[in-house]
Amino acid sequence: MALVALLGAATVAALYQVSKPMIEQRRDLATERRLLDLLPPSLYDNRPLQAPVVLPADARLGTSGTERAYLARRDGQPSAVLLPVHAKGYEGPIHLLVAIAPDGRLLASKALAQQETPGLAALDESGPKHWMRQLAGQRIEDGPAAWTLRTDGGEIDAIAGATITSRTVLQAIEGALTFFDAERATLLEARP
């Protein structure tokens, strides 16, 4: 009986060792898809997550410790930077990922984690009516109205019933673009 248990344990351990690299590879690919889905595949030909750019804590990104940014390249040239951004939402922390073109234009943004009221401030929705899509193409140079909600005299529609969350997310994305503008050379010159 002990021999059967020992053989079973050895078999399970051997199977684990054989399958461990495949499991890790699939987990890494799933993470990569989740983070890189902001960028169309035609925009990059490298593996941005394989060579992160370590960022120090910075108030413009809402970070209190080091974070990782990712540089997408196409034909060896920078095509986008993915920046992590943290904000304090109405219900709790909001973690965003922001994709920025080398010219400082916002390509896309999405919530990676958030605790806002489900359905009310659904930041994690996708599709053509996703609230953050209206921000794509914006730059810091577009002026204050481009980064202000209509309820505050600006050009951006708020999420219905979630003005505080909308304002917080808008300010966080604006902070990411401000950070990018200030650190553009460093971010775009990062080498794998």
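In what follows, the structure referred to is the one given above.
Since this is a predicted model, take the numbers as computed values, not measurements.

Caption draft 1: Seen up close, the overall build of the protein. Broken down by element type, the protein carries 2 helices and 5 strands. Along the protein, from the amino end to the carboxyl end, the secondary structure elements read α-β-β-β-β-β-α. Taken over 192 residues, the protein has a buried fraction of 39%. Of the contacts formed within the protein by residues at least 6 apart in sequence, a portion of 51% connects residues at least 24 apart. Carbon and sulfur atoms make up 56% of the accessible area of the protein, which totals about 10800 Å².

Caption draft 2: Structural detail: the nonpolar core. Judged by nonpolar contacts, the single largest core of 35 residues is most densely connected at Leu 55, Leu 83, Leu 96, Ile 173 and Leu 187. Secondary structure elements with two or more residues in this core: strand S1 (53-55), strand S2 (67-74), strand S3 (77-88), strand S4 (93-100), strand S5 (106-113) and helix H2 (163-188). A total of 10 residues in this core trace back to one element, the largest contributor, which is H2. Apart from the residues lying within four places of it in its own chain, the contact partners of Leu 96 are Leu 83, Pro 84, Val 85, Lys 110, Ala 111, Leu 112, Met 132, Val 169, Ala 172 and Ile 173. Judged by nonpolar contacts, the second largest core, of 13 residues, contains Leu 36, Tyr 70, Ala 72 and Ala 99.

Caption draft 3: Structural view of the sheet that holds S2. Across the sheet, which stays open at both edges, the 5 strands sit in the order S1-S2-S3-S4-S5 with antiparallel pairing between neighbours. Every interior strand has two partners, whereas the edge strands, S1 and S5, have only one. Strand-to-strand twist in this sheet, taken as the mean axis angle between neighbours without regard to direction, amounts to 25°. Pairing of S3 with S4 involves 8 bridges; the strand directions are antiparallel. Its bridge partner lying in S4, Leu 82 is registered against Ala 99. Each of S1, S2, S3, S4 and S5 is contacted by H2, which is oriented at about 140° to S3, the strand it contacts most.

Caption draft 4: Up close: the side chain of Arg 73. With respect to the helices, strands and loops of the structure, Arg 73 is situated in strand S2. Separated by 3.0 Å, the side chain of Arg 73 and the backbone oxygen of Gly 76 make a polar contact.

Caption draft 5: A look at the pairing of S4. Where burial is concerned, most of S4 is hidden: 6 out of the 8 residues are buried. Count of turn residues in the S3/S4 antiparallel hairpin: 4 residues, of which Gly 92 carries a positive phi of about 160°. Alignment of S4 against S5, held across 6 bridges, turns out to be antiparallel. When the bridges of S5 are listed, Leu 96 appears paired with Ala 111.

Caption draft 6: Up close: the environment of Leu 36. With respect to the helices and strands, the residue Leu 36 is situated in helix H1 (residues 2-36). On the accessibility criterion, Leu 36 (4% relative accessible area) is buried. Once the C-alpha coordinates of Leu 36 and Leu 49 are considered, the two residues, 13 residues apart in sequence, prove to be 8.6 Å apart. Dropping the residues within four chain positions of it, Leu 36 is found in contact with Tyr 44, Pro 48 and Leu 82.

Caption draft 7: How the structure looks around the side chain of Thr 63. The residue Thr 63 is located in the loop between S1 and S2 in this model. Residue Thr 63 is classed as buried on the basis of its relative accessible area of 9%. If we ignore the near neighbours within four places in the chain, the residues touching Thr 63 are Pro 56, Ala 57, Asp 58 and His 86.

Caption draft 8: Region of interest: the pattern of salt bridges. On inspection of all chains with the given rule, the structure shows 8 salt bridges. Measuring nitrogen to oxygen at the nearest pair gives 3.7 Å for the salt bridge that ties Arg 60 to Glu 183. Here the residue Arg 60 occupies a position in the loop between S1 and S2, and Glu 183 occupies one in helix H2, the gap between them amounting to 123 residues. For the salt bridge of Arg 139 with Asp 103, the shortest nitrogen-to-oxygen distance reads 3.0 Å. One end of the pair, Arg 139, is in the loop between S5 and H2; the other, Asp 103, is in the loop between S4 and S5, with 36 residues separating them in the sequence. What makes Asp 103 partly exposed here is its relative accessible area of 32%.

Thresholds applied
- Residues numbered from 1 in each chain as written.
- Predicted model: local features only at pLDDT ≥ 70, side-chain atom pairs only at ≥ 80, totals over all residues.
- Heavy atoms only, no water.
- Helix = DSSP H or I, 4+ residues; strand = E, 2+ residues; numbered from the N terminus.
- Buried < 20%, exposed > 50% of the residue type's maximum accessible area, 1.4 Å probe, protein only.
- Contact = heavy atoms within 4.5 Å.
- Areas by Shrake-Rupley, 256 points an atom, 1.4 Å probe, with all protein chains shown as cover.
- Core = buried A, V, L, I, M, F, W, Y, C linked by side-chain atoms within 4.5 Å.
- Pairing = 2+ DSSP bridges.
- Axes fitted to C-alpha atoms, helices over the stretch in contact; angles between N-to-C directions.
- Polar contact = N/O pair within 3.5 Å; in protein donor to acceptor, adjacent residues only side chain to side chain.
- Salt bridge = Lys/Arg side-chain N within 4 Å of Asp/Glu carboxyl O.

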